Amino acid sequence: MAYQPKDAFYRKAKREGYRSRAAYKLLELNRRFRVIKPGDRVVDLGAAPGGWLQVAAELAGPKGKVVGVDLQLITPFREPNLIVLQGDITTEECIEKIREALAAPANCVLSDVSPRLTGIRDADISRSIELARMALKAACSLLAPGGNFLVKIFMSEELGAFSAGIKERFRSVDRTRPEATRKGSSEIYLCARSYRGPQAGR
Ligand SMILES: C[S@@+](CC[C@H](N)C(=O)[O-])C[C@H]1O[C@@H](n2cnc3c(N)ncnc32)[C@H](O)[C@@H]1O
């Protein structure tokens, strides 16, 4: 994607103290789909620099717990119930670290994971799908039955098959593109609600 100047969402995030403009995507997605409720245990995959973590912590409130993980170091937060980890979500070791930090099954798993873009469309799309699949695998191993999963993915012919795989495991799946998505981006979000449990989709 071509360089885009700092837009209204970027400036709003600066004014309102969010670490990224992406915060407004999660706020909108949660207004529409209510994936996070007060008291929830939330996992955020691909969480740096932490805009979604701030929103998730606000939505889950003081009785909730939020664990964020990224390949990059995330500057820690002051809130004791907002934990940040460094790791690769495609590894079992990283999922185990999340499980330990959470100490109980999650009510919601978020994934805004994006590959480092090369500009080669096919390669970028195929890596995005691969990461979304790994995020789904992580969600199925971390979520409690009834939990929700929100995942970013790039538009492609493989989207239908990926979406069908999610439908086997969750009671409903919606596809959406929040207002803060940059113009020209091919990303969309799938919002899956009510995990059927580990036996589903096998
Ligand atoms: C769009 S950014 C996330 C922005 C974040 N939601 C926010 O609000 O600040 C995508 C992140 O995915 C991370 N990422 C990509 N591959 C990853 C992997 N295998 N494991 C963990 N994080 C990964 C990148 O390092 C990047 O920080």
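How each quantity is defined
Residues numbered from 1 in each chain as written. Predicted model: local features only at pLDDT ≥ 70, side-chain atom pairs only at ≥ 80, totals over all residues. Heavy atoms only, no water. Helix = DSSP H or I, 4+ residues; strand = E, 2+ residues; numbered from the N terminus. Buried < 20%, exposed > 50% of the residue type's maximum accessible area, 1.4 Å probe, protein only. Contact = heavy atoms within 4.5 Å. Lys, Arg positive; Asp, Glu negative; His and termini not counted. Charge placed at Lys NZ, Arg CZ, Asp CG, Glu CD. Pairing = 2+ DSSP bridges. Axes fitted to C-alpha atoms, helices over the stretch in contact; angles between N-to-C directions. Arc of directions from axis to C-beta. Near = heavy atom within 4 Å. Polar contact = N/O pair within 3.5 Å; in protein donor to acceptor, adjacent residues only side chain to side chain. Areas by Shrake-Rupley, 256 points an atom, 1.4 Å probe, with all protein chains shown as cover. Nonpolar A, V, L, I, M, F, W, Y, C, P; charged D, E, K, R; others polar. Phe/Tyr/Trp six-rings, centres within 6.5 Å; stacked < 30°, edge-to-face > 60°. Lys NZ or Arg CZ within 6 Å of the ring centre and 35° of its normal.

Caption draft 1: Examining the overall build of the chain more closely. A count of helical and extended segments in the chain gives six helices and seven strands. Secondary structure elements in the chain, listed N-terminal to C-terminal, are α-α-β-α-β-β-α-β-α-β-α-β-β. Its C-alpha atoms give the chain principal-axis dimensions of roughly 45 × 40 × 30 Å. Out of the 202 residues in the chain, the part that is buried amounts to 50%. Expressed as a percentage of contacts within the chain between residues at least 6 apart in sequence, the contacts between residues at least 24 apart total 64%. Taken together, the 34 basic and 23 acidic charged side chains of the chain have centroids lying 5 Å from each other.

Caption draft 2: Summary view of the sheet that holds strand β4 (residues 106–111). A sheet is described by the order of its strands in space; here seven strands give the open sequence β3-β2-β1-β4-β5-β7-β6, paired in mixed fashion. If you trace the sheet from one side to the other, it starts and ends with β3 (82–86) and β6 (170–176), each paired once. The average undirected angle you get between the axes of adjacent strands in this sheet is 15 degrees. By the bridge criterion, six bridges tie β6 to strand β7 (residues 187–195) in an arrangement that is antiparallel. Each bridged residue has a counterpart across the sheet, and for Asp174 the counterpart in β7 is Cys191. The sheet strands contacting helix α3 (residues 51–60) are β1 (41–45), β2 (65–70), β3, β4, β5 (143–154) and β7, and the helix crosses β2 at an angle near 165 degrees. The strands that helix α5 (residues 121–142) touches are β1, β4, β5, β6 and β7; relative to β5, the one it contacts most, it runs at about 170 degrees.

Caption draft 3: Quick look at helix α4 (residues 92–102). For α4, every residue scored as buried is listed here: Cys94, Ile95, Ile98, Ala101 and Leu102. Buried residues of α4, viewed axially, fall in a sector of 125 degrees; they line one side. For α4, the exposed residues lying more than 90 degrees away from the buried face are Glu93 and Glu100. The elements touched by buried residues of α4 are β1, β2, β3, β4 and α5. Immediately beyond the C-terminal end of α4, within one or two residues, lies Ala103, with a positive phi of roughly 65 degrees.

Caption draft 4: Local environment of the pairing of β2. A large share of β2 lies buried, amounting to five of its six residues. Two elements, β1 and β2, share five bridges in a ladder whose sense is parallel. Looking at β2, one finds that Val42 is bridged to Val66. Bridge analysis of β2 against β3 gives five bridges, and the strand direction is parallel. Counterpart to Val66 in the pairing with β3 is Leu82.

Caption draft 5: Inspection of the site of the ligand at higher detail. With respect to spatial proximity, 20 residues lie near the ligand, and among them Ser20, Trp52, Asp70, Asp88 and Asp112 are the closest. Trp52 has a polar backbone atom sitting 2.9 Å from an oxygen atom of the ligand. One of the side-chain N or O atoms of Asp88 is found 2.9 Å from a nitrogen atom in the ligand. For the ligand, whose free accessible area comes to 610 Å², the fraction covered by protein is 87%. Grouping the amino acids of the shell around the ligand by side-chain chemistry returns nine nonpolar, seven polar and four charged.

Caption draft 6: Representation of the packing of helix α2 (residues 23–33) against α3 in the model. Following both chains from N to C, one finds α2 and α3 inclined at 35 degrees, their axes separated by 7 Å at the closest point. Contacts between α2 and α3 involve Ala23, Lys25, Leu26, Leu27 and Asn30 from the former and Gly51, Trp52, Val55, Ala56 and Leu59 from the latter. Here the contact of α2 with α3 is composed, by residue class, of seven nonpolar, two polar and one charged.

Caption draft 7: Focus on the packing of aromatic side chains. Throughout the structure, instances matching the rule amount to five aromatic pairs. Plain terms: the ring middles of Phe9 and Tyr24 are 5.8 Å apart, the flat faces sit at 40 degrees to each other, and that makes the pair tilted. One end of the pair, Phe9, is in helix α1 (residues 8–16); the other, Tyr24, is in helix α2, with 15 residues separating them in the sequence. With 5.3 Å between their ring centres and 40 degrees between their planes, Phe170 and Tyr195 make a pair best called tilted. Residue Phe170 is found in strand β6, and its partner Tyr195 is found in strand β7; the two are separated by 25 residues along the sequence. Aromatic rings pair up to connect Phe9, Tyr18 and Tyr24 into one cluster. Directly above the aromatic system of Phe77 lies the positively charged group of Arg19, at a separation of 3.7 Å from the ring centroid.

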